[in-house]
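Read off the chains here:
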Amino acid sequence: MKRLINNLFVKIFISFWMILLVTAFVSINLSRMLSEDNFKAPKWAVKNLHEFAQRIERNPQRMLSPRVEPHIKSRFGKPFVVNSDGEVVNHDELSRGMRRFIVNHDKLDDPRIMLDKKHILIGPQALTINNQNYLLYAERRSNPEQRHAIRNFGVSPWFLSLVAIGLSLALCFLLTRHIVRPLKKLQSAANKVSLGYLDTQLPEIHRGDEVGQLSDSLQRMVDTLNQAINNQQRLLSDISHELRSPLTRLNMALALHKKRQQTTPEIARIERESQRLAEMIDALLSLSRMQVNAKQQKMTLQELIEDLVSDCEFEAEQLNKQFSANYPQQLTVVCYPELLASALENVCRNALKYAEQQVTLSATVQDSSLTLVIRDDGPGLPEAELNSIFRPFYRSGEARDRDSGGVGLGLAIAESAIRQHGGSIRASNHSLKGLEVSLRLPLQ
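Source: prediction; values computed, not measured.

Attention shifts here to the nonpolar core. Core analysis: the biggest nonpolar cluster contains 43 residues, and L301, I305, F323, L372, I374, V437 and L439 have the highest contact counts within it. Residue assignment for this core shows that the elements contributing at least two residues are α11 (301-318), β8 (332-335), α12 (337-354), β9 (358-366), β10 (369-376), α14 (410-420), β11 (424-429) and β12 (435-442). When residues in this core are grouped by element, the largest group, eight residues, is from α12. If we skip the residues at most four places from it in the chain, L439 touches L344, L370, T371, L372, I374, I418, S424 and I425. In terms of nonpolar packing, the next biggest core, distinct from the first, is built from 17 residues, F39, A41, I122 and Y134 among them.

See below:
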């Protein structure tokens, strides 16, 4: 039974059912009230009827006479005296409305007013004549203005309508809040996970319905994902370390061979490939170390890339090229400094390698995101290769990359680092000349 109550479908079904019941109840009572024109007698009517009864008790023959003074009739109306058997003792003929009113309302603790087309009916009121107990009812002629004024003493139709709307809104609000509030918490936590914060703990939602089950499932998914990434990084680090031992022995064997015999083209080729393999292992180890030890920090953009800009300017000068940077120095960013700096360094060094004269780094802020653009004036790339250059070990113009010592990991490392920040990276050919790499990062 408890499991059934905790079911979200049952909660929604019961809530809407209650809303319909409240609306139907108020609508039925509203229609009955409007059709019967029957209200609880206000205090002034009860007071007048009580005073009328006292006058009748003091002089019953005069007050019950058909010739009673007009001013008394106009004030109190026409009296109807009912005995304990329910018979009207002072009138032989009754209107249908008065007869129904007397039959339906005989409780002294609940005096009522009923309106018909021409009269106002009030009663009952206790009356004692000659030591006999009676009930007193009064009938007064009225005009439309008086009937409209008396209706205002009852429960207003607008009041009942507002009560129905208020109750419906309250129930709908509580239902919506019960469903949406935990979902917003889960959404906020899921957004953090999507930005790469895999250590995020999802909010604890102690509920037995589908929302609580969703929270538990998402938490298990995040834990599994975090564990899988940690295992992958650990495996990458272990493999890189294990490769170092045979590579070191290979280099030692090459060195001994070069001492004993003359260097041949084959030996030179083996030495170059061994050096390239060492560079790959160093890059993989560096990436793995940065990912494992990465910690978020809050810093200005100047603190993040000031050293990088200085190094790139020095290297550009050695290559007879120019490197310039334009960025908002005091802009605050929350990032993994080593990962982001490594990504920028790889992109900038790649641009310096293939630029003819000029490399520029610029930064702009728009829509709560930071966009860093590195542009060179080199030959650019074929359109078909723009998306492939971020794949590991992909090399465009393989012969040139071999001569320059490239291993095809720099841009792949940059793409991995930017993705871990919840951002994106893309390359495009500039309309004038050269390659343009854009790194987009969220600022929140």
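Here the idea is simple: oppositely charged side chains can pair when their charged atoms come close. Under the definition given, this model contains seven salt bridges. Of the charged contacts in the structure, one is a salt bridge between E51 and R55, with a shortest N-O distance of 3.9 Å. On the criterion of helical spacing, the pair formed by E51 and R55 is a turn pair, its members being four residues apart in helix α3 (residues 43-58). A residue is classified by how much of its surface remains accessible, and E51, at 22% relative accessible area, is partly exposed. The partner of R349 in a salt bridge is E315, with the nearest N and O atoms 2.2 Å apart.

With that settled, the discussion passes to the pairing of β8. Burial of β8 is one-sided: the residues V333 and C335 facing one way are buried, the residues T332 and V334 facing the other way are not. In the sheet, strand β6 (residues 297-300) pairs with β8 via four bridges, with the strands oriented antiparallel. Bridge assignment links T300 to a residue of β8, and that residue is T332.

What follows covers the state of the cysteines. For the structure shown, the criterion picks out zero disulfides. Here C312 is not disulfide-linked; the sulfur of C348 is the nearest cysteine sulfur, at 4.5 Å. Note on C348: relative accessible area 0%, which makes it buried.

On to the packing of α12 against α14. Two numbers describe how α12 lies on α14: the axes approach to 8 Å, and their chain directions differ by 145°. Judged by the twist between their axes, the crossing of α12 over α14 is left-handed. Side by side, α12 and α14 meet where L339, L340, S342, A343, N346, V347 and N350 of the first sit next to G410, L411, I413, A414, A417, I418 and Q420 of the second. Its residues assigned to classes, the contact of α12 with α14 comprises nine nonpolar, five polar and no charged.

Calculation notes
- Residues numbered from 1 in each chain as written.
- Predicted model: local features only at pLDDT ≥ 70, side-chain atom pairs only at ≥ 80, totals over all residues.
- Heavy atoms only, no water.
- Core = buried A, V, L, I, M, F, W, Y, C linked by side-chain atoms within 4.5 Å.
- Buried < 20%, exposed > 50% of the residue type's maximum accessible area, 1.4 Å probe, protein only.
- Helix = DSSP H or I, 4+ residues; strand = E, 2+ residues; numbered from the N terminus.
- Contact = heavy atoms within 4.5 Å.
- Salt bridge = Lys/Arg side-chain N within 4 Å of Asp/Glu carboxyl O.
- Pairing = 2+ DSSP bridges.
- Disulfide = S-S within 2.5 Å.
- Axes fitted to C-alpha atoms, helices over the stretch in contact; angles between N-to-C directions.
- Left-handed = near helix turned anticlockwise from the far one by under 90°.
- Nonpolar A, V, L, I, M, F, W, Y, C, P; charged D, E, K, R; others polar.

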